[in-house]
Amino acid sequence: MAYKCCFRSLCLKWRLGFGLRWQVLVFILYFSHIGAGQIRYSIPEEMKKGSLIGNVAQDLGIDLKRLRAGRARIVTGEGIQYTELKTDKGILVVSERIDREQLCGDVTPCSFSFEMILENPMELHPVNIFIQDQNDNAPQVLYPVQTGGSLVAEMVPRSADVGYLVTKVVAVDVDSGQNAWLSYKLQKATDRALFEVGLQNGEIRTVRQVTDKDVVKQRLTVVVEDNGQPSRSATVNVNVAVADSFPEVLSEFTDFTHDKDYNDNLTFYLVLALAVVSFLFITCLVVIISVKIYRWRQSRMLYHSNLPVIPYYPPRYADTLETGTLQHVYNYEVCRTTDSRKSDCKFARPGSQNVLIMDPSLTGTMQRIHSEKNILDEPDSPLEV
């Protein structure tokens, strides 16, 4: 009886052990299958939408029919899905613009991952995408601060020795790797023989001894370049005052901040004034020419006009019954005779006709040369009205 109990317990333990071993074996085989199906891709940032990342079907050794039958899809835990799976072609493409600085910030290397899932049977294939940095950002100058309303100037005493540290230009580049390596160069200066800029650290130092002949107001232009291809750059202006006291600096730099603004405003106003004067001149010229042409056309139209001429009646004439004209004031005479046999009308002749002649002897006397007898003296003359 005891032997039977021992045999049963051994059989039970063997069965439990076999089941546990089988589960462990299935688990190992499953995850070994997952590890074998992991793929990685490396792509540059700022790729266009629809750009090819890789051929998933070919890299995993999966048939296109299996992708379609298994309803292959991408599962990601991030809010934005940067990739898209084309099951008809078995390729992975970019679906959204990828900005490395926005995605990873200062973290290097930059990457994101997701899983491609197949059904019937279930398959899980992890995919890792590494983002290569591109030189898409220019350096940013942190110091000296470039402000339009205030002036920042570094003071250098006239007793400064060679190698005196004036200031340091501080700049950063949000790109990574060699794209973020910065170099500093002195582009122009009021006195190039007095200052130099460190190529790697951006430190501005004196090259020689400062003398009394050096001007108080100094301006340096420093260019900051990165090491990308093609390189990007930024420019910063550094104001330096060579003086021993603050009042001397203040008197020299009162109009320093307004130099550039003043020049820009002056140029703008000159161009504006030239444009206004040109516009007014052209407008006046067009108006004058238009008036001349209008008057000339009016005169030509009046000269060649075919309109009927309206007669002008003097004020002493008026139309009578639309048959002719008669004088408003006119002379006529009625002739009457004492003899009934004489009924003819006789128009009056001028009553008299006189000619005045100046005496040749210049005595001023005038003589009546000729006179005609008045018609009224005749006995048979008609009465003249």
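The residue numbers shown here count from 1 along each chain, following its written sequence. Under the rules for a predicted model, residues below a pLDDT of 70 receive no local features and side-chain atom pairs below 80 are neither given nor counted, while totals for whole chains, interfaces and linings still include all residues. Water and hydrogen atoms play no part in the side-chain values, which are based on all heavy atoms of the structure.

**Here's the deal with the overall build of the chain**
Here comes step 1: Counting its regular elements, the chain contains 6 helices and 20 strands.
Here comes step 2: Looking at the chain residue by residue over its 385 residues, the buried ones come to 27%.
Here comes step 3: Each accessible area is a Shrake-Rupley estimate made with a 1.4 Å probe; only the visible protein chains count as cover when residues are assessed. For the chain, the exposed area adds up to about 28,200 Å²; of that, 59% sits on carbon and sulfur atoms. Here a helix means four or more residues in a row that DSSP labels H or I, a strand means two or more in a row labelled E, and each is numbered from the N terminus. The cut-offs for exposure are 20% and 50% of the maximum accessible area for each residue type, with area from a 1.4 Å probe on protein chains only; residues under the lower value are buried, those over the upper are exposed, and the others partly exposed.

**Side note on the sheet that holds strand E4 (residues 83–86)**
Here comes step 1: The 3 strands lie next to each other as E2-E5-E4, forming an open sheet whose pairing is antiparallel. A single partner strand is all that each edge strand has here, and the edge strands are strand E2 (52–55) and E4. Strand-to-strand, the axes of this sheet are offset by a mean angle of 20°, without reference to chain direction.
Here comes step 2: One requirement defines pairing of two strands: DSSP has to find at least two bridges between them. Sheet analysis places E4 next to strand E5 (residues 91–94), joined by 4 bridges and oriented antiparallel. Each residue of the ladder has a partner; that of Leu85, found in E5, is Leu92. The angle between two axes is taken between their N-to-C directions and runs from 0 to 180 degrees, where each axis is a line fitted to C-alpha atoms and a helix contributes only its stretch in contact.

**A word on the sheet that holds strand E13 (residues 195–197)**
Here comes step 1: Taking strand neighbours across the sheet as the criterion, the 3 strands line up as E10-E14-E13 in an open arrangement whose pairing is antiparallel. Each edge of the open sheet carries a strand with a single partner, namely strand E10 (165–168) and E13. Direction aside, the axes of adjacent strands within the sheet are offset by 20° on average.
Here comes step 2: In the sheet, E13 pairs with strand E14 (residues 203–206) via 3 bridges, with the strands oriented antiparallel. The partner of Glu196 across the bridge, within E14, is Arg205.

**Considering the pattern of salt bridges**
Here comes step 1: Basic side-chain nitrogens of Lys or Arg form a salt bridge, by our definition, when they fall within 4 Å of a carboxyl oxygen of Asp or Glu. Taken as a whole and assessed by the stated rule, the structure comprises 12 salt bridges.
Here comes step 2: Two residues, Lys86 and Glu84, come together in a salt bridge whose shortest N-O distance is 3.5 Å.
Here comes step 3: Asp214 is the partner of Arg208 in a salt bridge, and the nearest nitrogen-oxygen pair spans 2.9 Å.
Here comes step 4: Owing to a relative accessible area of 25%, Arg208 belongs among the partly exposed residues under this scheme.

**Considering the state of the cysteines**
Here comes step 1: For the purposes of this analysis, a disulfide is any pair of cysteine sulfur atoms at a distance within 2.5 Å. Taken as a whole, this structure holds 1 disulfide when the rule is applied.
Here comes step 2: Between the sulfur atoms of Cys104 and its disulfide partner Cys110 the distance amounts to 1.8 Å. Because the torsion about its S-S bond is 70°, the bridge between Cys104 and Cys110 counts as right-handed.
Here comes step 3: Residue Cys110 is classed as buried on the basis of its relative accessible area, which comes to 3%.

**Remarks on the nonpolar core**
Here comes step 1: Residues Val56, Leu92 and Ile129 are the most contacted members of the largest nonpolar core, which totals 26 residues.
Here comes step 2: Mapped onto this core, the elements with two or more residues apiece are strand E1 (39–44), helix H2 (56–60), E5, strand E6 (110–118) and strand E7 (123–132).
Here comes step 3: Element by element, the count of residues in this core is highest for E6, at 5 residues.
Here comes step 4: The nonpolar core is taken to be a set of buried Ala, Val, Leu, Ile, Met, Phe, Trp, Tyr and Cys residues, with the residues joined through side-chain atoms within 4.5 Å. With 21 residues, the next largest nonpolar core counts Ala189, Leu194, Val224 and Val236 among its residues.

**Observations regarding the confidence of the model for the chain**
Reading fine detail from the predicted coordinates is not recommended where pLDDT is low.
Here comes step 1: pLDDT runs from 0 to 100 and stands for how confident the predictor is about each residue. Of the residues in the chain, 64% reach a pLDDT of 70 or more, and the chain-wide mean stands at 75.
Here comes step 2: When the elements of the chain are averaged for pLDDT, helix H1 (residues 2–36) gives the smallest value, 41, and E14 the largest, 96.
Here comes step 3: Contacts are assigned to residue pairs with any non-hydrogen atoms lying within 4.5 Å of each other. Long-range and interchain partners of residues 1–36, a stretch whose pLDDT sits below 50, account for 4 contacts in this model, where long-range means more than four residues apart.
Here comes step 4: Long-range and interchain partners of residues 345–385, a stretch whose pLDDT sits below 50, account for 34 contacts in this model, where long-range means more than four residues apart.

**A short note on unusual backbone geometry**
Here comes step 1: A cis amide bond, omega -5°, links Asn120 with the succeeding residue Pro121.
Here comes step 2: With respect to the element layout, Pro121 can be found in the loop between E6 and E7.
Here comes step 3: In this chain, Tyr143 is followed by Pro144 through a cis amide linkage whose omega measures -5°.
Here comes step 4: As for its position among the elements, Pro144 is in the loop between strand E8 (140–143) and strand E9 (153–156).
Here comes step 5: Residues other than glycine seldom take positive phi values, yet Arg71 does so here, at roughly 50°.
Here comes step 6: Judged by relative accessible area, which is 54%, Arg71 ranks as exposed.
Here comes step 7: One non-glycine residue, Asn120, lies in the positive phi region at around 55°.
Here comes step 8: If you trace the backbone, Asn120 turns up in the loop between E6 and E7.
Here comes step 9: With relative accessibility at 64%, the residue Asn120 sits in the exposed group.

**Quick notes on the pairing of E7**
Looking down a regular strand, the side chains alternate between one sheet face and the other.
Here comes step 1: Within E7, 7 of the 10 residues are buried, which leaves it mostly tucked inside the rest of the structure.
Here comes step 2: Here E6 folds back onto E7, and the loop between the two strands holds 4 residues, one of which, Asn120, carries a positive phi near 55°.

**Focus on a nonpolar patch on the surface**
Here comes step 1: Patch construction takes residues with relative accessible area above 30% that form no salt bridge. Like charges are linked within 9 Å, and nonpolar side chains (Val, Leu, Ile, Met, Phe, Trp, Tyr) are linked within 5 Å. A cluster of nonpolar residues, Leu142, Tyr143, Val145, Val152, Val170 and Val172, forms a patch on the protein surface that exposes about 450 Å² of accessible area.
Here comes step 2: Mapped onto the nonpolar patch, the elements with two or more residues apiece are E8 and strand E11 (170–172).
Here comes step 3: With respect to the element layout, Val170 can be found in strand E11.
Here comes step 4: By relative accessible area, Val170 is classed as partly exposed at 33%.

**Re the environment of Leu92**
Here comes step 1: Mapping Leu92 onto the fold places it in strand E5.
Here comes step 2: Of the residues examined, Leu92 reaches a relative accessible area of 1% and is grouped as buried.
Here comes step 3: In this structure, the C-alpha to C-alpha distance between Leu92 and Leu52, residues 40 residues apart in sequence, is 6.2 Å.
Here comes step 4: Setting aside its immediate chain neighbours within four residues, Leu92 contacts Ser51, Leu52, Ile53, Gly54, Val56, Ile74, Thr83, Glu84, Leu85, Phe114, Val127 and Ile129.

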